Amino acid sequence: MAVVQTRDLTKVFKEGQLGAVNHVNLETREGEFLVFLGPSGSGKTTLLRMIAGLETPTSGEILIGGRVVNDLSPRDRRIAMVFQSYALYPHLSVYKNIAFPLKAQKVKKELHKEKVEWAASLLGIGALLDRKPRELSGGERQRVALARAIVREPAVFLLDEPLSNLDAKLRASAREELERFHRRVGTTSIYVTHDQVEAMAMGDRVMVLNKGVMHQLGTPTDVYDNPADTFVATFLGSPPMNLVELGDVIVGFRPEHFKPASPSSGDAVPFLFKVENREYLGSEWIVSGTLAGGKFEGKKIFSRLATAQDLRLGDTCDFVVPQRELKFFDRTTGKRVEPRALSWQ
Amino acid sequence: MAMAIPRRFISRRIISRKIMGRVVHILVLGTFTILLAFPFYWMLITSFKQNVDLYTMENNPFIFNARPTLDHLKFLFNETRFVRWLGNTAFVGVVVVAITLVLAVPAAYSLARLSGRWGERLGIAIFLTYLIPPTLLFIPLSRVVAYLGLQDSLWALILVYPTFTVPFSIWLLMGFFKSIPKELEDAAMVDGLTRFGAFVKLVIPISVSGILTVVIFTFTLVTQEFVYALTFISSESNQMIGTGIPIFLVRGDVYYWGALMAACLIASLPIAFMYNLFLDRFIAGFTVGAVK
Amino acid sequence: MAVVRNRIKSVGAAQSPWLGAAMFSPAVLYILLLVGGPFLLAIFYAFSDARIGNTEMHFVGLENFRSILQSPSFRVAIRNSLIFTICSQIVVIVGANILAISLENTFRGRGLIRFLILLPWVAPIALGAIGWKWILDSIYSVVTWVLVAAHIYKPFGAPMWLGEPSLAIASVLLVHSWRLMPFSTVILLAGRTAIPKDIPEAAAVDGAGFWRTQLQIVIPMMRPIISVAVLFGLIFTFTDMTVVYILTAGGPFDSTQTLPSLAFAMGIQGSDLAAGAAISLFLVPVLVIIAYFMLRVAHRAEVN
């Protein structure tokens, strides 16, 4: 198990253009499950591949377990990687797939069987050892990919969006399996995804990236409740945080904090909200509409509510946001700033 | 785990391994390229060397020991039937391409779209006929040609060449047609076209590049063919370039190497250019089943 | 949607079951007449005493086959056909794999190299063979000149490349391999690009070096494509008579004859149609075997 660090890591593909990864500094903690989260093109996969040794950095350093590994090939870095497609060798049986890293690292043949069976039992695929990858389901393939990764007892696990090729139903159970696996094995893991639900559910910490720049590195609570800038604020949460501009600040509040006014609202900022659309999702309602009156006329806003039967389309209602749930961002930089008193009308 | 090695040593090792890899790569490529392309380079040089230079053993063959000359080219174009052979080949090529298109395009479409299970099987059977080689059929076909009174006529070739151009073209086009989404034709038929109308007005225009590929490859198959051209055509003026050059540029036992090489080059290069343009389609035609 | 599509398909086909047949009938008819017919005719001739110029023809049973099997030049021809085909194929598969690996990644000049490498395949066979005939000429061969200049041979002491039986066989082998190499290379290259990029990356992460990745992962994955290249290559070489005809005319002393070239020599040049037909029929068993394997490859590709 080891700690992965990057120092000022940069990767530029085309000269003169913005890099895919720009001056990223990070340090994992022992045994943690760190998630790289960002939209496509944010550089999260490039970052992962540089750590794996599949891309060479333009500048900066990568350290694994305290050693600078920039010049080491992937095989010498003691990492294991699970690819988006799992990259199982189609012509080899499951057993041979799992044994391949041992063969490649010239582990003694007598030890192969023992190690493969250990890895297989860890993932519950002992019965599948004779099958070929094309005979397996998506979930089984993920387990084989994990077994192949764990059999070398690597210092770090790297996972590149392994759930995105699974269909929605399978994804939830596969995700749970991954979490259980990580708890059992405890290896430092870096997980790349564009799905913020996955990131929040799985990560011990989440690193939010956009255009190759790290916006925030923190626990799920940190990034959700205390976003560092407007990008993080709107990337996490579905529907995204509502943002309104007021003077030289942007004020944000999450849809779940935007509720109909009630006597128990407490210290809250009032808004006039015209209901334009309601979606019933079973467990909750998503109500969207526009603000009416005052400085925010016509601004589109989302709300998440447990019940919305009595809200009719076209109604203009009194809604409030508790004062303490407001987040403030600098209008020019987008960065988070201290709360301040504002005139709302 | 290895001891920490100072970075500068690691870098040097990596760099020298990279350079080694580069060198090996260039050596391998260079060797293969030279081995494969050398005969054509040799054709080029020989075409312009004076006979005195060519036929003196002691002369270094890699350089021009006498001034380069156009004599061989003049000989080729003025005193042989080379130009006529080019014309013959072009004529046969064009007509065979036309016949092939008329036979193969509808057949490929029908087998790809209209015939379901039977279509697959028939398509495979047609392709298998491509495996019956000219060197098996040339003897009976020579009799058929004689019977029809077509001996020593280009029409014999025009009659027989589609036997290998059509199966290959059907195979190529079947793969091509199958890759066109069915929805397009369905939409056209919902809009009122008949199946055949959809074929003519929709599918054929879309398939222009596939059809063009078939045209090019049929033409190259025609120019490369040897056995039938050798068997059916005897007189000098009716030769194709594939047979005329090796046979009639040899008078008695004397090989006119200068003219021969020039002719080979002139005949080969245009075909090479055309082939290269459509190479990817060609590969797709051969590998359509295996690469999925 | 699938239901709708099926309905349209069945409606289309039901409305025009004759359309499909009408569209492929000309081609099928043509092939039956000009391939199927002559094929049967060849079999017929093989059991007769047909000659060029004779109008009469009699059934002679297995006489042709008997005399062929006893003739030494036939046995040489079978041996040569197998040697040329199998040996050139081995050379080509190894060489083409190496070449395909070298051409995989783009580099400057790749298009030009590809053009040059393709020349042996795209040039008409006879013309490429004639080019080699000049290169291997008994007196003016450039190979001879180079070897003499390097003092490996004395002047006039170099062997005749096409004049001595074992060297002639080697030369024919060389030209066959030379011609086939581009074809196989190009097909293997296509097969390589079809392999997903993350498989060799996974192998690299797993600890495999370059050669282990190629030999244990990439090339085994290319098995269907390699099969296609090999099977077509076998057909092209086995059924070819041009290289032998141009390079050595079967000589010296029939030592480089192959089945197709012998069939031509006896059937057309020797006017003995029956013998020629009988010899060429010996191509059939091998072709049937090759066709069987091709169907298997195609079937496996369907199943996967």
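Residues numbered from 1 in each chain as written. Chains lettered and ligands numbered in written order. Predicted model: local features only at pLDDT ≥ 70, side-chain atom pairs only at ≥ 80, totals over all residues.

The subject of this paragraph is the overall build of chain B. When its secondary structure is counted, chain B shows 15 helices and two strands. Taken over C-alpha atoms, the radius of gyration comes to 26 Å for chain B, far larger than the 19 Å a tight globule of 292 residues would show. Summarising its shape, the C-alpha atoms of chain B cover approximately 80 × 75 × 35 Å along the three principal directions. For chain B, the proportion of its 292 residues judged to be buried stands at 43%. Here the contacts in chain B between residues at least 6 apart in sequence split such that 74% fall between residues at least 24 apart. (Helix = DSSP H or I, 4+ residues; strand = E, 2+ residues; numbered from the N terminus. Rg over C-alpha atoms; globule rule 2.2 N^0.38 Å. Buried ≥ 20, exposed ≤ 12 C-beta atoms within 10 Å, placed from the backbone. Contact = placed C-beta atoms within 7 Å.)

This brings us to the overall build of chain A. What chain A contains, in helices and strands, is eight helices and 19 strands. With the principal axes as the frame, chain A shows a C-alpha extent of 75 × 45 × 35 Å. Counting all 345 residues of chain A, 40% fall into the buried class. Look at the contacts in chain A between residues 6 or more apart in sequence, and 64% of them connect residues 24 or more apart.

Across a sheet, strands are paired by hydrogen bonds formed along the backbone, either parallel or antiparallel in direction. Taken together, the five strands give an open sheet; going across it, the order is E13-E17-E14-E15-E16 (chain A), and neighbouring strands pair in antiparallel fashion. The open sheet has two free edges, formed respectively by strand E13 (259-260) and strand E16 (300-305) of chain A, since each of these has just one partner strand. (Pairing = 2+ DSSP bridges.)

A few words on the nonpolar core. In summary, soluble globular proteins display a tendency toward joint burial of nonpolar side chains. In this structure, Ala108(B) and Ile170(B) are the most contacted members of the largest nonpolar core, which totals 251 residues. The residue makeup of this core includes at least three contributed by each of domain 1 (4-225) and domain 2 (239-337) of chain A. Excluding residues within four positions of it along the chain, Ile170(B) makes contact with Ala104(B), Ala107(B), Ala108(B), Leu111(B), Gly123(B), Ile126(B) and Ala27(C). (Core = buried A, V, L, I, M, F, W, Y, C linked by C-beta atoms within 7 Å. Domains from an automatic or database assignment.)

This part covers the environment of Ser177(C). All names here are of chain C. As for its position among the elements, Ser177 is in helix H8 (residues 165-193). Measuring from C-alpha to C-alpha, the distance between Ser177 and Ile31 comes to 31 Å, with 146 residues separating the pair along the chain. Not counting chain neighbours up to four residues away, the residues in contact with Ser177 comprise Ser88, Val91 and Val92.

Residue and element names in this part refer to chain A. Strand order in the open sheet made by the six strands is E6-E7-E8-E3-E9-E10, with mixed pairing throughout. Edge positions in the sheet fall to strand E6 (79-82) and strand E10 (213-218), since each of these pairs with one other strand and no more. Neighbour-to-neighbour, the strand axes of the sheet open up by a mean angle of 20°, direction not taken into account. Two elements, strand E9 (residues 205-210) and E10, share five bridges in a ladder whose sense is antiparallel. Its bridge partner lying in E10, Met207 is registered against Leu217. Sitting on the sheet, helix H4 (residues 138-150) is in contact with E6 and strand E7 (156-160), with an inclination near 170° to E6. (Axes fitted to C-alpha atoms, helices over the stretch in contact; angles between N-to-C directions.)

In this section: helix H13 (residues 241-248) of chain B. Where burial is concerned, most of H13(B) is hidden: six out of the eight residues are buried. Here H13(B) has its buried residues at Ile241(B), Gly242(B), Thr243(B), Gly244(B), Ile245(B) and Pro246(B). Those residues of H13(B) that are buried lie in contact with helix H4 (82-114), helix H11 (208-224), helix H12 (227-232) and helix H14 (257-277) of chain B together with helix H6 (125-135) and helix H12 (242-247) of chain C.

A few words on the pairing of strand E17 (residues 316-322) of chain A. As defined by bridge partners, E13(A) adjoins E17(A) across two bridges and the pair is classed as antiparallel. Bridge pairing in E17(A) links Lys259(A) to Val320(A).

Take the packing of H13(B) against H6(C) next. For the pair H13(B) and H6(C), interaxial distance at closest approach is 8 Å and the crossing angle is 25°. Compared by their axis directions, H13(B) and H6(C) come out roughly parallel. For the pair H13(B) and H6(C), contact is made by Gly242(B), Thr243(B), Ile245(B) and Pro246(B) and by Ala126(C), Leu127(C) and Ile130(C), respectively. (Parallel < 35°, antiparallel > 145°, perpendicular 65-115°, else oblique.)

All right, on to the interface of chain B and chain C then. In this assembly, 78 residues from chain B lie in contact with 80 residues from chain C. A total of 12 residues in the side of chain B that touches chain C trace back to one element, the largest contributor, which is helix H1 (residues 7-47) of chain B. Residues of the side of chain B that touches chain C, tallied by class, amount to 55 nonpolar, 19 polar and four charged. (Nonpolar A, V, L, I, M, F, W, Y, C, P; charged D, E, K, R; others polar.)

Our focus in this paragraph is unusual backbone geometry. Residues and elements named next belong to chain A. Here Ser238 and Pro239 are connected by a cis peptide whose omega angle stands at 0°. The residue Glu161 is not glycine, and still its phi comes out positive at about 45°. In this structure, Glu161 sits in the loop between E7 and helix H5 (168-185). Under the C-beta neighbour-count criterion, Glu161 is labelled buried, with 21 such atoms within 10 Å.

Residues and elements named next belong to chain C. Contact geometry of helix H9 (residues 198-206) with helix H10 (residues 210-221) gives a least axis separation of 10 Å together with a crossing angle of 135°. Here H9 is positioned oblique relative to H10, judged by the angle of their axes. Once H9 is placed against H10, the crossing between them reads as right-handed. Residues Ile199, Pro200, Ala203 and Ala204 of H9 form the contact with H10, whose participating residues are Thr213, Ile217 and Val218. (Left-handed = near helix turned anticlockwise from the far one by under 90°.)

Moving on, we get to the confidence of the model for chain B. Fine structural detail should not be taken from predicted coordinates in areas where pLDDT scores are low. Residues and elements named next belong to chain B. Mean pLDDT over chain B works out to 84, with 92% of the residues at or above the 70 mark. When mean pLDDT is taken per element in chain B, helix H7 (residues 154-160) scores highest with 94 and helix H15 (residues 279-287) scores lowest with 70. Interface scoring of the predicted complex returns ipTM 0.85; its pTM is 0.85. (pLDDT = per-residue confidence, 0-100.)

With respect to the secondary-structure elements, Leu44(B) resides in helix H1. Taking the C-alpha atoms as reference points, Leu44(B) and Gly258(B), separated by 214 residues in sequence, lie 9.3 Å from one another.

Taking 1.5 Å per residue, 21 residues should reach 30 Å; H14(B) reaches 31 Å between its end C-alpha atoms and fits that length. Where H14(B) is concerned, the buried positions are Trp257(B), Gly258(B), Ala259(B), Leu260(B), Met261(B), Ala262(B), Ala263(B), Cys264(B), Ala267(B), Ser268(B), Ile271(B) and Tyr275(B). (Expected span 1.5 Å × (residues − 1).)

Taken as a whole, chain A is organised into domain 1 (4-225) and domain 2 (239-337). Computed over C-alpha atoms, the centres of domain 1 of chain A and domain 2 of chain A are 38 Å apart.

Residue and element names in this part refer to chain A. Sheet topology note: the strand E14 (residues 268-280)/strand E15 (residues 285-292) ladder contains eight bridges and is antiparallel. Across the sheet, the residue bridging to Leu272 is Ala292, located in E15. What sits between E14 and E15 in their antiparallel hairpin is a turn of four residues, with Gly282 showing a positive phi close to 95°. As judged from the six bridges shared by E15 and E16, these two strands associate in the antiparallel manner.

Relative to the helices and strands, Val185(A) resides in helix H5. Since 17 C-beta atoms lie within 10 Å of it, Val185(A) is described here as partly exposed.

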